[in-house]
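Summary of the model geometry
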Amino acid sequence: MTSSFPPAAPKQVWGNDYFVVLVDEPRRLVWNVRTAKSYDSLEQVEAVMEELSRVLDGLGRSRYALLVDTRAAIGRNDPTFEATMRRLRPRWMSGFRRIGVLVQSVVGAMQIQRFAREDGLRRLVTSNEAELIEYLTQGG
């Protein structure tokens, strides 16, 4: 008899220069892994986020928890970028059972916690991947 632990590696279902989307079907977990590539324009941010949101729609959001891995991302907090992301984040993150965000630093955690307050979407923010996966897969 074969063991089901550890679970099979998540399968990549989509990717571009800015994000990779992985699905861990046994744990009902969707990973959005942000790359280190910077956006060239706000129009590019909008196009990437719309495409990412369409991919997530196609997966059936309510079946999954969302794990956003921001550890490779280069932080950005200029007012126009922040305003654009404030508008786009709910479309990106709404509809999942639970949301968790992996961060690299305390500053990153503080920024994501601020976003959660602004968005009204509860999410766990941590640099501990195992803790985050445990949270996201509870009650799955």
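Summary of the structure given here. These figures come from a predicted structure and were not determined experimentally. (Residues numbered from 1 in each chain as written. Predicted model: local features only at pLDDT ≥ 70, side-chain atom pairs only at ≥ 80, totals over all residues. Heavy atoms only, no water.)

Comments concerning the nonpolar core
- Core analysis: the largest hydrophobic core is formed by 30 residues, its most contacted members being Phe 19, Val 30, Tyr 39, Met 49, Leu 52 and Trp 92.
- Put simply, the parts of the chain that give this core at least two residues each are strand 2 (19-24), helix 1 (42-59), strand 4 (65-69), helix 2 (79-93), strand 5 (99-102) and helix 3 (106-119).
- The biggest single contributor to this core is helix 1, with six residues.
- Excluding anything up to four places from it in sequence, Leu 52 contacts Trp 14, Phe 19, Val 21, Asn 32 and Trp 92.
- Counting residues in each nonpolar core, the second largest holds 10 residues, with Leu 29, Ala 65, Leu 67 and Leu 132 among its members. (Core = buried A, V, L, I, M, F, W, Y, C linked by side-chain atoms within 4.5 Å. Buried < 20%, exposed > 50% of the residue type's maximum accessible area, 1.4 Å probe, protein only. Helix = DSSP H or I, 4+ residues; strand = E, 2+ residues; numbered from the N terminus. Contact = heavy atoms within 4.5 Å.)

Details of the environment of Glu 51
- In this structure, Glu 51 sits in helix 1.
- Sequence separation of Glu 51 and Ile 133 is 82 residues, and the distance between their C-alpha atoms is 25 Å.
- Residues in contact with Glu 51, not counting those within four places in the same chain, are Trp 14 and Asn 16.

Regarding the sheet that holds strand 1 (residues 11-15)
- Read across the open sheet, the six strands follow the order 1-2-3-4-5-6; overall the sheet is mixed. Since the sheet does not close on itself, it has two edges, and those belong to strand 1 and strand 6 (124-126), each with one partner. Pairs of neighbouring strands in the sheet enclose a mean axial angle of 20 degrees, with direction left out of account.
- As paired strands, strand 1 and strand 2 are joined by four bridges and run antiparallel to one another. Looking at the pairing, Gly 15 lines up with Val 20 of strand 2.
- Against the sheet, helix 1 contacts strand 1, strand 2 and strand 3 (29-34), and its axis sits at roughly 10 degrees relative to strand 2.
- The strands that helix 4 (residues 129-137) touches are strand 3, strand 4, strand 5 and strand 6; relative to strand 5, the one it contacts most, it runs at about 175 degrees. (Pairing = 2+ DSSP bridges. Axes fitted to C-alpha atoms, helices over the stretch in contact; angles between N-to-C directions.)

Here's the deal with the packing of helix 1 against helix 2
- Relative to each other, helix 1 and helix 2 sit at 10 degrees, their axes nearing to 10 Å. With respect to helix 2, the element helix 1 is oriented roughly parallel. For the pair formed by helix 1 and helix 2, the contact residues are Leu 42, Val 45, Glu 46, Met 49, Glu 50, Leu 52, Ser 53, Arg 54, Leu 56 and Asp 57 on the first element and Thr 80, Phe 81, Thr 84, Met 85, Arg 87, Leu 88, Arg 91 and Trp 92 on the second.
- Split into classes, the residues belonging to the contact of helix 1 with helix 2 amount to nine nonpolar, three polar and six charged. (Parallel < 35°, antiparallel > 145°, perpendicular 65-115°, else oblique. Nonpolar A, V, L, I, M, F, W, Y, C, P; charged D, E, K, R; others polar.)

Quick word on the side chain of Thr 126
- Residue placement: Thr 126 occurs in strand 6.
- In this structure, Thr 126 is in contact with Val 101, Leu 102, Val 103, Glu 131 and Leu 132, ignoring residues within four places of it in sequence.

Some details on empty space enclosed by the protein
- The full count for this structure, using the stated rule, is one cavity of 30 Å³ or more.
- Its volume calculated, the largest cavity comes out at about 30 Å³.
- For the largest cavity, the full set of lining residues is Arg 76, Phe 81, Glu 82, Met 85, Arg 89, Gln 111 and Phe 115.
- At the level of secondary structure, the elements contributing two or more residues to the lining of the largest cavity comprise helix 2 and helix 3.
- A total of four residues in the lining of the largest cavity trace back to one element, the largest contributor, which is helix 2.
- Of the residues assigned to the lining of the largest cavity, the class counts are three nonpolar, one polar and three charged. (1 Å grid on protein atoms, 1.4 Å probe; cavity = no way out; pocket = protein on both sides within 12 Å on 5 of 7 lines; lining within 4 Å. Points joined across faces, edges and corners; volume = space filled by probe spheres on them.)

Function cannot be inferred from these measures alone, as they are strictly geometric.
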